[in-house]
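Observations on chain architecture
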Amino acid sequence: MELNPKEAALMDQGSHGAHHQSKRSRLQVRAQLSHAGCRDAADLVGRSVTPLPGAEASPEQRALAFARKTYRCYEGGPVDRDDILRLLAPATRSGVVPRSPESLTRAELGALLRNFGQYLSDQRLLPKYAYASPGSLYATQLYLELDGIGGIEPGLYYYHPLHHHLVLIGPTARRSAPRARIHFLGKHGAIEPVYRNNIQEVLEIEAGHMVGLFEEVLPAYGLGIAAAAHRPAVLERLACAEEDHYLGTFDLVPHDAESGADALDVYVQAHPGRIDGLPAGQYRYADGDLVRISDDLVLKKHVIAINQRVYERAGLGISLVATGPDAWRHYLDLGSKLQRLQMNGLNLGFMSSGYSSRTGNDLPAAKRLNRILTDCGLPTGPSYFFVGGRVSDEQLRGEDMKEDVVHMQGPAELIKEDLAGLLPRYMLPNRIVVLDRLPLTAHGKIDNKALEASRQAELSLAVRAFVAPRTRTERRIRDLWQSVLKQEQISVTDDFFELGGNSLLAVALVNRMNRTFGGQVPLQVLFDAPTVEKLSARLDAEASEPLTRLVPLQPEGTGAPIHCWPGLGGYPMNLRPLAAALGKDRPVHGIQAHGINRGEVPYGTVGEMAAADVEAIRSVQPDGPYVLCGYSFGARVAFEAARQLEQAGQRVEHLFLIAPGMPRLREEDTAGSTGRADFTSRAFLAVLHSVFAGTLSGPQLDDCLRTVTDEAGFVDFVTGRMPGLGAELVQAVTGIVKRTYSPTYEFHELAGRRLSAPVTLVKANDDDYYSFVERQGTFSVTPPAVHHLSSGHYELLREPHVTALAALVNDRLSATASSPLPGQIPPSHVISQEVGVPHISIKHFPVALSEAQEKELLAALTSAVSNAFGCKEDVVSIAIEPVEQEAWHEQVYEPEILRRQDLLRKTPNY
């Protein structure tokens, strides 16, 4: 087919590559998956790295990122005039208390920057970001010039969006006043394979989208963002390639409710019959109203070929025209405005469909807009055009790639899809080739010989022979392909993408393959193995390898690995922040419960769980010393695993029991508790919900308690509210919780157990029940070191508390390694709220103690308590109080012994 540029222009028009005509090469998707926009690893070797808290995105951050889509479908119903006026009305932020940037803590800086990192989903082939990027290449880099911010040394830092840390590019001299400055740089090499024209402009637009995201998230910290002086010389300080592009500099400043006025003209285009209360035409937005200026429209043929279907579905178009005095800001302002409009809270979605050019390569939409404005006597300038409509709640919440199919479909693929809806199957062409122009003879007719000889057309290639499945694996995969692609007679040598497969179908196929084969092949597998034959070989090779439940939470390091058990439910992903905070001296493995993987059945006792886990641990580390760590319910399994290893003659270097108590439920949720795993029990349902939500309170829990009555309803509730969790995973975790749930910890597993390993107990401040180790005094040869961190049961594994927890673990490991004698554990120097200020109250019948007797008693008690609690002797306090015999029952026996038996370690027998 010959392309008619008057009806369907390509993105880069006369300078386009073959990938603009067809996505057959998958060049753009490969570029997106390569993360080419990040700084090269070789550039960063040897540079100082500053880890940032908040690597695990919050649910709110995740929702913001996935709601920001370049929408190509509009499934939310009609749009009216009032919707548009609400969209364009100036944003107001009430109740924001301005702060100076220097008040930012490191945890706040980490949480702020996490908005600019990538988000992954098992429903997507490509990573997602919270800001828009031309071509989804994310070629714009973020640099921070920090001085006096969050305790970070003054310097110029690169923010790495994949690893969520700062890389020092160069130190800076300390200034008299603190500063947080942001520089944007465009990596030329990351965008040139896809774009030929307008590279500087599209990079500036992307930087503008990042500024718009800053404008959205900064008010939560009492901050804003303001343009600084334009400093192209900054390039010399960034150690980047000569071809890279400086895009602009901005400062973080105290929030100002009056700032943010746009130097932009805004025009609204109502498509015929699509906007209630707004006839078709072109309108200027001024003084809070829409003023009609023209009947002329930017038409379907004025948007690039791959966006014309979107235009047909859209209800409106919006054009932005930059009019500010600073030319360097024009395209940044355009991108910033669209980013803010995309995050509108009104269920209105938008997709960019054309922009102007400094170098004379305007896209057709920009040319058309210029003509319309000129005819109306209105000013023109750099412009950005986008179309939109109302999207549904489901679209907003979705983490799939339905809106991103365009990455796999160029004009050739779109035409073939159109023909599939018009022609019977036998008439469909095997391949469609889009040419700029067909070769003609001297008489003006199509030159068929020249066409056949054309390398671009490749029409002389022989048709591949059909190859039927030859193994059971090939047959099962072929059947899945035929179901997903809705095609028959697929050869095992056919290419998935040449058969019409796109990113959305790729995600569906890989997920179905993983369910069918019980595997975990990555979504990108189809790029390496795009045929049934190659996929089968890969799956058969992986099937021959033993399946492990050890999840590499942090794989680097040469020291003995730390093996970690998660809490109730057995899914170790919430241990990732701890693994990251522990550093890279030792690998960290999360031990996933037996029962999560397809075909596994949960074990019924802690002993069985530990035996299977010890076998898994010894498959990767045959001999000790072992470092074991258990969180919440996992502390029980870790303790039993330590016992079994010692019985097998192995040495356990250290055992960490983290928050082994039961988190405290709200009073209304404990009423009428049956103690059973019953979905009619508020206590069980609250605990089960907390396994996924990480909290025992909040409106989501209230909704769950109000609406859920059975297991199926609970699975639907969780997958609906947390789209990143698949139903199969939620069902598996729920099954394990049902098997292991207990409203109180009655740790009979300790009976007859006695460990030689050093033990550290870390307590949370909201655990309702005392941990099992505090009810037994003989479970360990050495008294455990007990620490109390000032955080809740779930918050313990999140920033900023997880940093203190990791420091404590590393400190205890160092103390154990340096202890010259067994049982001698030096006091911890980690700054944390230890149970390091224990108080002892001795009440006795009046009896005369000599000064020497009292000193001996105090010295013995002080030494014993210091050793048991891992604290310094000078923080121990002891009170000795004589009580008259006739008052003993009232003052001591009834309140201290009878009513508090759960605290007693020794009971009287009088």
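Residues numbered from 1 in each chain as written. Predicted model: local features only at pLDDT ≥ 70, side-chain atom pairs only at ≥ 80, totals over all residues. Heavy atoms only, no water.

**Observations concerning the overall build of the protein chain**
Across its full length, the protein chain carries 28 helices and 24 strands. Within the protein chain, residue pairs in contact and separated by at least 24 positions form 75% of the contacts whose partners lie at least 6 positions apart. Approximately 41500 Å² of the protein chain is accessible, and the part contributed by carbon and sulfur atoms is 51%. (Helix = DSSP H or I, 4+ residues; strand = E, 2+ residues; numbered from the N terminus. Contact = heavy atoms within 4.5 Å. Areas by Shrake-Rupley, 256 points an atom, 1.4 Å probe, with all protein chains shown as cover.)

**A closer look at the sheet that holds strand 1 (residues 49-51)**
Read from one edge to the other, the open sheet built from 7 strands follows the order 1-5-4-3-6-8-7, with strand pairing classed as antiparallel. Here the strands that pair on one side only, and so sit at the sheet edges, are strand 1 and strand 7 (223-227). Here the strands of the sheet are splayed against their neighbours by 30° on average, with no regard to which way each runs. In this sheet, strand 5 (residues 165-171) lies alongside strand 4 (residues 155-160) in antiparallel orientation, the contact comprising 6 bridges. (Pairing = 2+ DSSP bridges. Axes fitted to C-alpha atoms, helices over the stretch in contact; angles between N-to-C directions.)

**Examining the sheet that holds strand 21 (residues 759-763)**
The strand order 16-18-17-19-20-21-22 describes an open sheet built from 7 strands, whose pairing is mixed. Because the sheet does not close on itself, it has two edges, and the strands there are strand 16 (550-554) and strand 22 (785-788). With strand direction ignored, the average angle separating the axes of adjacent strands in the sheet is 20°. Pairing of strand 20 (residues 652-658) with strand 21, which is carried by 4 bridges, proceeds in the parallel orientation.

**Describing the environment of Ser294**
For Ser294, the position within the fold is in strand 12 (residues 289-294). Placed 10 residues apart in sequence, Ser294 and Arg284 show a C-alpha to C-alpha distance of 9.3 Å. Those residues within four positions of Ser294 in sequence are excluded, and the remaining contacts are Gly281, Gln282, Ile372 and Cys376.

**Some details on empty space enclosed by the protein**
Applying the stated criterion to the full structure yields 3 cavities of 30 Å³ or more. Volume-wise, the second largest cavity comes out at about 200 Å³. Lining the second largest cavity are 21 residues, with Gly570, Ala593, Met609, Phe633 and Val637 positioned closest to its centre. It is helix 25 (residues 727-740) that provides the largest number of residues to the lining of the second largest cavity, a total of 3 residues. Counted by class, the lining of the second largest cavity contains 11 nonpolar, 7 polar and 3 charged residues. (1 Å grid on protein atoms, 1.4 Å probe; cavity = no way out; pocket = protein on both sides within 12 Å on 5 of 7 lines; lining within 4 Å. Points joined across faces, edges and corners; volume = space filled by probe spheres on them. Nonpolar A, V, L, I, M, F, W, Y, C, P; charged D, E, K, R; others polar.)

**Considering the nonpolar core**
When a protein is soluble and globular, its nonpolar side chains tend to lie buried together. Grouped together as the largest cluster of nonpolar side chains are 84 residues, with contacts concentrated most on Leu628, Leu655, Ile658, Phe714 and Leu805. Residue contacts for Leu628: discarding those within four places in its chain leaves His563, Trp565, Ile617, Ala638, Ala641, Ala642, Leu645, Val652, His654, Leu655 and Phe656. Counting residues in hydrophobic clusters, the runner-up holds 79 residues, among them Ala65, Ala139, Ile149 and Ile199. (Core = buried A, V, L, I, M, F, W, Y, C linked by side-chain atoms within 4.5 Å. Buried < 20%, exposed > 50% of the residue type's maximum accessible area, 1.4 Å probe, protein only.)

**Quick notes on the pairing of strand 8 (residues 245-254)**
Within strand 8, 8 of the 10 residues are buried, which leaves it mostly tucked inside the rest of the structure. Here strand 6 (residues 179-186) pairs with strand 8 via 6 bridges, running antiparallel. If you follow Phe184 over to strand 8, its bridge partner there is Gly248.

**So, the packing of helix 7 (residues 199-217) against helix 9 (residues 330-342)**
The relative placement of two packed helices comes down to the angle between their axes together with the axis-to-axis distance. Between helix 7 and helix 9, the shortest axis-to-axis distance is 6 Å and the interhelical angle comes to 45°. As the angle between them shows, helix 7 and helix 9 are arranged oblique. Seen along the crossing, helix 7 lies across helix 9 with a hand that is right-handed. For the pair helix 7 and helix 9, the contacting residues are Glu201, Glu204, Ile205, Ala207, Gly208, His209, Val211, Gly212, Leu213 and Glu215 in the first and Tyr331, Leu332, Gly335, Ser336, Leu338, Gln339, Arg340 and Gln342 in the second. When grouped by side-chain class, the residues that make up the contact of helix 7 with helix 9 number 7 nonpolar, 7 polar and 4 charged. (Parallel < 35°, antiparallel > 145°, perpendicular 65-115°, else oblique. Left-handed = near helix turned anticlockwise from the far one by under 90°.)

**Considerations on helix 22 (residues 682-693)**
Count 3.6 residues to each turn of an α-helix, and residues three or four apart come out pointing the same way. If you check helix 22, its first and last C-alpha atoms are 16 Å apart, about what 12 residues at 1.5 Å a residue would give, namely 16 Å. Judged by how many residues are buried, helix 22 sits mostly within the fold: 9 of 12 residues are covered. In this fold, the buried residues of helix 22 make contact with helix 21 (667-670), helix 23 (699-707), helix 24 (711-721) and helix 25. Directly beyond the C-terminal end of helix 22, a positive phi value near 70° is found at Gly694. (Expected span 1.5 Å × (residues − 1).)

**Concerning the packing of aromatic side chains**
Here the structure, examined in full by the defined rule, presents 16 aromatic pairs. Geometrically, the ring pair formed by Phe66 and Tyr119 is edge-to-face, given 6.4 Å between the ring centres and 70° between the ring planes. Note that Phe66 is positioned in helix 3 (residues 59-67) and Tyr119 in the loop between helix 5 (106-114) and strand 3 (140-147), a separation of 53 residues in sequence. The two residues Phe66 and Tyr119 agree in class, both being buried. Here the aromatic rings of Trp481 and Phe496 are separated by 5.4 Å at their centres, their planes lie at 75°, and the arrangement is edge-to-face. Here Trp481, found in helix 14 (residues 472-485), pairs with Phe496, found in the loop between helix 14 and helix 15 (503-517); they are 15 residues apart in sequence, far enough to count as distant. Using a relative accessible area of 0% as the deciding quantity, one classes Phe496 as buried. Here the aromatic residues Phe116, Tyr129, Tyr131, Tyr138 and Phe214 are joined through ring pairs into a cluster of three or more. Its guanidinium or amino end placed over the ring of Tyr119, Arg114 lies 4.4 Å from that ring's centre, counting from NZ or CZ. (Phe/Tyr/Trp six-rings, centres within 6.5 Å; stacked < 30°, edge-to-face > 60°. Lys NZ or Arg CZ within 6 Å of the ring centre and 35° of its normal.)

**Looking at unusual backbone geometry**
Cis peptide bonds are those with omega within 30 degrees of zero, and the linkage from Gly624 to Pro625 qualifies with 5°. Inspection of the secondary structure puts Pro625 in the loop between helix 19 (606-620) and strand 19 (626-631). With a phi close to 55°, His164 is a non-glycine residue in the positive phi region. Within the element layout of this structure, His164 appears in the loop between strand 4 and strand 5. One non-glycine residue, Ala659, adopts positive backbone phi at about 45°. Tracing the backbone shows Ala659 in the loop between strand 20 and helix 21.

**Some remarks on the packing of helix 24 against helix 25**
Relative orientation of the contacting elements helix 24 and helix 25 amounts to 130°, with a least axis distance of 10 Å. By the criterion of interaxial angle, the relationship of helix 24 to helix 25 is oblique. With respect to the hand of their crossing, helix 24 and helix 25 are arranged in right-handed fashion. Residue-level contacts link Glu711, Phe714, Val715, Val718 and Thr719 of helix 24 to Ala727, Val730, Gln731, Thr734 and Lys738 of helix 25. Here the residues of the contact of helix 24 with helix 25 are counted per class, giving 5 nonpolar, 3 polar and 2 charged.

None of this, on its own, says anything about what the molecule does.
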